[in-house]
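# Breakdown of the fold
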Number of protein chains: 2
Amino acid sequence: MMNPGEMIKDILAKRDSIQNVFFVACGGSLVEFYPPKYFMDAESKHCGAFLYSGKEFVCAAPASLGENSLVLLCSHSGKTPEVLEAAGLAKERGAVVITYAGVAGTPVNQAGDYHIVYGDRTEEGSHYGDSPVLLSLRLMAELLAVTEDYPYLDKVMDGISKIDTVIYNAMDQVSERAKIWGKACERENMMYILGSGPAFGNVYGFAICSMMEMQWQHAAYIHSAEYFHGPFEVTDKNTAYVVLESNGPARCMDERAIRFLKRYGAKYEVVDAKELGADIIDEKVVDYFTPLMFYKVMCVYREELAKLRNHPLSTRRYMGKVAY
Amino acid sequence: MMNPGEMIKDILAKRDSIQNVFFVACGGSLVEFYPPKYFMDAESKHCGAFLYSGKEFVCAAPASLGENSLVLLCSHSGKTPEVLEAAGLAKERGAVVITYAGVAGTPVNQAGDYHIVYGDRTEEGSHYGDSPVLLSLRLMAELLAVTEDYPYLDKVMDGISKIDTVIYNAMDQVSERAKIWGKACERENMMYILGSGPAFGNVYGFAICSMMEMQWQHAAYIHSAEYFHGPFEVTDKNTAYVVLESNGPARCMDERAIRFLKRYGAKYEVVDAKELGADIIDEKVVDYFTPLMFYKVMCVYREELAKLRNHPLSTRRYMGKVAY
């Protein structure tokens, strides 16, 4: 398998330029693409980036999808029908297609020009530099380093070398408070998840995967800045919130929400990237790394809830069990 | 005030090209920009379009924002601080700025190169062609007609001429079933709103503004295609859903969700764009018009709920009442 740097070199040898990048996936895999899409929006001068749920990409096929497009597709099972459909459209339009799958030998592995098998990383001592989110971040940083003189590729690589330390430290740090939170939320009917910046994908993922899917828990994902334009009106002392507090420029949006919750709420849990030690990664790039830390930290939280409820995270009633 | 066609002509006389468009607003105003952003993604070959909540735009200032950018800003009050901050950034970068406000003489009116006062349209007999969503749609269609030979500007104009008929017919049609729905949902604790395609902005808006803000009602907005990648696991016979069923290519995503709800849910309301008569607008452009129809139709629904609950839609506990 080529590494991301080699892949970009190979792609740019075959194409004059890459004019846009499409990140396409569903559910939890879509979450992996949120930080690299955010990276492109913030850092790229000329290359537009777009994030699509698989079926939406096919239904509303972008007019700008063509030979100078790079399409990244991710499916954990390697079999998601919407992702395969999206790959078909991308190939038909002549785009360069990179596919990610959790396991080898799947239809998704065969569906692109390049493919990445990223493995599972559920066992202890896993390395997180090879997770889809960081592989994609590195791909984008390598692309911009060549095409737009992006100056911080070395800082991205340094961040990748530090991410395991960040993650394992952070997971350790939250183990006790995750138990307290689980206890407090055991019988909660509804949960609001807040956050912003590159971490908003995690806000979405924790709500739809960890809570709705894995705990059959009513939940909503709210952008910290949008909270003040409607959603805050439901806030009271009885409503439960989790806020993912970022450590970069987005932090001010989360802080504002936390100030409000301190005053008008009572049941809120703040998960603070700064306090959890993400800032050993350079400030120019740290924002793109905290989402993965948040993800692993929130896995500790959801595990505690699952234990207390006797509702294992793997329990499903529909997914993979009935036709839909 | 210039009309959108004159505005585009004037802009293109001052700039070689428009390379990207940024739609920036907060809450309900952000919803207005979802369909034109969707239009650009689907129809434009060269001009990238990006949708930002006001503060996020400032915190993660896009590297591609510059002299060849067009920035559209909307604030109903004309005073939203985040929108004014965003205008400052856009001007600083040399972008062309068009601002929308509901009333004249506000700071937002002064913050751009062009400004539009779109009025209120709450009284009977209002004309909807001048709502921000359709003014923006027309601006984008005019832009692409000049720069990319977009072939359906006449169909967009025809749609604008028909939208009042579509809206008033649709509002009439739902008046009875909105009463039934209000009765059924009067004591509902949680409500899931589903939809996809250009109407997803309305899904968001109905959840965060109509339900959370105006009814203090717990709610979540779910993309119909993403529903199957997590959120559907909370579905049971006791959980309430509203599905906005689009009538274009996105319809298949909504239909799939409805099929599932028919089997595993019990409390769901389908609001069907086709049944409500949106298809008197040409099929090449109708998708960009149904969001406004959905908005007005869902105003009928929320009104019934508000009446039954004796909780007027204008009741607030925080917004505009406390400091935040």
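Residue numbering note: each chain is counted from 1, following its sequence as written. Following the order in which they are written, the chains are lettered starting with A and the ligands numbered starting with 1. Only residues with pLDDT of at least 70 get local features here, since the model is predicted, and only at 80 or more are side-chain atom pairs given and counted; chain-wide, interface and lining totals rely on the full set of residues.

## Quick look at the pairing of strand 3 (residues 69-75) of chain B
Residue and element names in this part refer to chain B.
- Partly exposed residues are those falling between the two cut-offs: more than 12 but fewer than 20 other C-beta atoms within 10 Å of their own, whereas 20 or more means buried and 12 or fewer means exposed, with C-beta atoms placed from the backbone. Each helix is a run of H or I in the DSSP string that is no shorter than four residues. Each strand is a run of E no shorter than two, and both are numbered from the N terminus. Across the 7 residues that make up strand 3, a large majority, 7, are buried.
- Alternating positions in strand 3 separate into two faces, S69, V71, L73 and S75 on one and L70, L72 and C74 on the other, with burial throughout.
- Note on pairing: two strands pair once DSSP finds at least 2 bridges between them. Both strand 1 (residues 20-25) and strand 3 contribute to a ladder of 5 bridges, which runs parallel. Within strand 3, the residue paired with F22 across the bridge is V71.
- Bridge count between strand 3 and strand 4 (residues 96-101): 6 bridges; the pairing is parallel. Across the sheet, the residue bridging to V71 is V97, located in strand 4.
- When the strands point away from the viewer, a crossover counts as right-handed if the route from the first strand across the helix to the second turns clockwise. One crossover worth recording links strand 3 to the parallel strand 4 by way of helix 4 (residues 81-92), and it is right-handed.

## A short note on helix 4 of chain B
Residues and elements named next belong to chain B.
- In a regular helix each residue adds 1.5 Å, so 12 residues correspond to 16 Å; helix 4 covers 17 Å between its end C-alpha atoms and thus fits that length.
- What helix 4 keeps buried is the set E82, V83, A86, A87 and A90. Down the axis of helix 4, the smallest arc covering the buried residues is 140 degrees, so these residues share one side. In helix 4, the exposed positions that point more than 90 degrees away from the buried face belong to P81 and E92.
- With its phi angle positive at about 85 degrees, G94 sits one or two positions after the end of helix 4. Expected helix span is taken as 1.5 Å per residue step, with the number of steps being one fewer than the number of residues. What the arc describes is the spread of directions from the helix axis to the C-beta atoms.

## A few points about the nonpolar core
- Put simply, a nonpolar core is buried Ala, Val, Leu, Ile, Met, Phe, Trp, Tyr and Cys residues tied into one set by C-beta atoms within 7 Å. Of all hydrophobic cores here, the largest spans 236 residues; its most connected members are L73 of chain A together with L73 of chain B.
- The contact partners of L73 of chain A, leaving out residues within four places of it in the chain, are V24, A25, V83, A86, A87, V97, T99, Y100, V108 and G112 of chain A. What counts as a contact is two residues whose backbone-derived C-beta atoms lie within 7 Å of each other.

## A short note on the environment of T80 of chain A
Residues and elements named next belong to chain A.
- Position of T80 among the secondary structure elements: in the loop between strand 3 (69-75) and helix 4 (81-92).
- Its 25 C-beta neighbours within 10 Å are what place T80 among the buried residues.
- Here the alpha-carbon distance between T80 and F22, two residues 58 residues apart in the chain, equals 17 Å.
- Once you skip the residues sitting within four places of it in the chain, T80 turns out to touch C26, G54 and S75.

## Brief notes about the environment of K79 of chain A
All names here are of chain A.
- In this fold, K79 is placed in the loop between strand 3 and helix 4.
- On the basis of neighbour counts, which here come to 13 C-beta atoms within 10 Å, the residue K79 falls in the partly exposed class.
- The contacts of K79, once residues within four sequence positions are left out, are T106, P107 and V108.

## Let's talk about the interface of chain B and chain A
- The interface is formed by 56 residues belonging to chain B together with 56 residues belonging to chain A.
- Within the residue set of the side of chain B that touches chain A, elements represented by two or more residues are helix 2 (27-43), strand 2 (48-53), helix 3 (54-59), helix 8 (200-215), strand 7 (218-223) and helix 9 (251-264) of chain B.
- Here the side of chain B that touches chain A gets 6 residues from one element, more than from any other, and that element is helix 2 of chain B.

## Considerations on the sheet that holds strand 5 (residues 114-117) of chain A
Residues and elements named next belong to chain A.
- The 5 strands lie next to each other as 2-1-3-4-5, forming an open sheet whose pairing is parallel. If you trace the sheet from one side to the other, it starts and ends with strand 2 (48-53) and strand 5, each paired once. Strand after strand, the sheet turns through a mean of 15 degrees between neighbouring axes, direction not considered. Axis angles are defined between N-to-C directions and span 0 to 180 degrees, where every axis is a line fitted to C-alpha atoms and, for a helix, only to the segment in contact.

## Details of the domain arrangement of chain A
Residue and element names in this part refer to chain A.
- In terms of domains, chain A is made up of domain 1 (4-151) and domain 2 (175-309).
- Domain delimitation in this document rests on an assignment produced automatically or drawn from a domain database. For domain 1 and domain 2, the distance between their C-alpha centroids amounts to 27 Å.
- Each partner contributes to the interface: domain 1 provides 12 residues, whereas domain 2 provides 11 residues.
- When residues of the side of domain 1 that touches domain 2 are traced back to their parent elements, those giving at least two are helix 2 (27-43) and helix 6 (132-147).
- At 7 residues, helix 2 tops the list of elements feeding residues into the side of domain 1 that touches domain 2.
- Any residue that is not Ala, Val, Leu, Ile, Met, Phe, Trp, Tyr, Cys, Pro, Asp, Glu, Lys or Arg is counted as polar, Gly included; the first ten are nonpolar and the last four charged. Along the lines of polarity and charge, the residues of the side of domain 1 that touches domain 2 split into 9 nonpolar, 3 polar and no charged.

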